[in-house]
Amino acid sequence: FWRGSAPFVQRAMLVGVTQVGTLDQAKQFYDERAGVPRGTYGNVFCASMTSGLVYSLVTMPFETAKNLMAFQKPDARGALAYRATGQTILAVARSRGVLTLWNGFPPYYIRC
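Not measured: the values here are computed from a predicted model.

Participant: In this structure, what is going on with the overall build of the chain? I would like to understand it.
Facilitator: In terms of helices and strands, the chain carries four helices and zero strands. Taken from the N to the C terminus, the helices and strands of the chain come in the order α-α-α-α. In terms of C-alpha radius of gyration, the chain reaches 17 Å, well past the compact-globule figure of 13 Å for 112 residues. Referenced to the eigenvectors of the C-alpha coordinate spread, the extents of the chain come out at roughly 60 × 25 × 20 Å. When each of the 112 residues of the chain is scored for burial, the buried share is 30%.

Participant: I tried to follow the packing of helix H2 (residues 41-71) against helix H3 (residues 85-96) on my own but got confused; where do I start?
Facilitator: Angle between the axes and distance between the axes are the two parameters that describe a pair of packed helices. For the pair H2 and H3, the least separation of the axes is 9 Å and the interaxial angle reads 100 degrees. Judged by the inter-axis angle, H2 sits roughly perpendicular to H3. Between H2, through Pro61, Phe62, Ala65, Leu68 and Met69, and H3, the contact on the second element is made entirely by Thr85, Thr88, Ile89, Val92 and Arg96. For the contact of H2 with H3, the per-class residue count stands at seven nonpolar, two polar and one charged.

Participant: Could you clarify how one ought to interpret the pattern of salt bridges in this entry?
Facilitator: Pairs may arise between side chains of opposite charge once their charged atoms sit close together. Counted according to the given criterion, the structure contains four salt bridges. For Arg11, the salt bridge identified is with Glu63, shortest N-O distance 2.5 Å. On the criterion of sequence distance, the pair formed by Arg11 in helix H1 (residues 5-32) and Glu63 in helix H2 is long-range, its members being 52 residues apart. Glu63 carries the same exposure label as Arg11, and that label is buried.

Participant: Sorry, what's going on with the packing of H1 against H2 here?
Facilitator: Between H1 and H2, the shortest axis-to-axis distance is 7 Å and the interhelical angle comes to 165 degrees. In terms of orientation, H1 and H2 fall into the roughly antiparallel class. Handedness of the H1/H2 crossing: right-handed. Tallied by class, the residues present in the contact of H1 with H2 amount to 14 nonpolar, nine polar and five charged.

Participant: What is the right way to read a nonpolar patch on the surface from this model?
Facilitator: Residues Leu53, Val54, Leu57 and Val58 make up a contiguous nonpolar surface patch of roughly 260 Å² in combined accessible area. According to the relative accessible area criterion, Leu57 is partly exposed, its value standing at 42%.

What counts as what
Residues numbered from 1 in each chain as written. Predicted model: local features only at pLDDT ≥ 70, side-chain atom pairs only at ≥ 80, totals over all residues. Heavy atoms only, no water. Helix = DSSP H or I, 4+ residues; strand = E, 2+ residues; numbered from the N terminus. Rg over C-alpha atoms; globule rule 2.2 N^0.38 Å. Buried < 20%, exposed > 50% of the residue type's maximum accessible area, 1.4 Å probe, protein only. Axes fitted to C-alpha atoms, helices over the stretch in contact; angles between N-to-C directions. Parallel < 35°, antiparallel > 145°, perpendicular 65-115°, else oblique. Contact = heavy atoms within 4.5 Å. Nonpolar A, V, L, I, M, F, W, Y, C, P; charged D, E, K, R; others polar. Salt bridge = Lys/Arg side-chain N within 4 Å of Asp/Glu carboxyl O. Left-handed = near helix turned anticlockwise from the far one by under 90°. Patch = residues over 30% accessible without salt bridge, like charges linked within 9 Å, V, L, I, M, F, W, Y side chains within 5 Å. Areas by Shrake-Rupley, 256 points an atom, 1.4 Å probe, with all protein chains shown as cover.

Geometry only, nothing functional implied.
This is the structure:
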């Protein structure tokens, strides 16, 4: 029942850190370096898209691990292939390739 809850909590913490940590920095960047004044729709849009991109890039491997852990079935001996978030991410990267961790990225980014 609780399979996948630890990666869900870890991912939720990363979501908060990346979204809160990057939104104001992006607003400042677009104001000072790109000439898009702070408080305008353009500034908010650009900063939100940038923050969403960082959020998506950082959290997608954890989302993949969460889903794999939550929906895995035990083998014939009753053992689970994925036991921890880090172990799941490394196992997927080694067996299927690193980019597999970002499968489905475009809809994930758009959803953010």
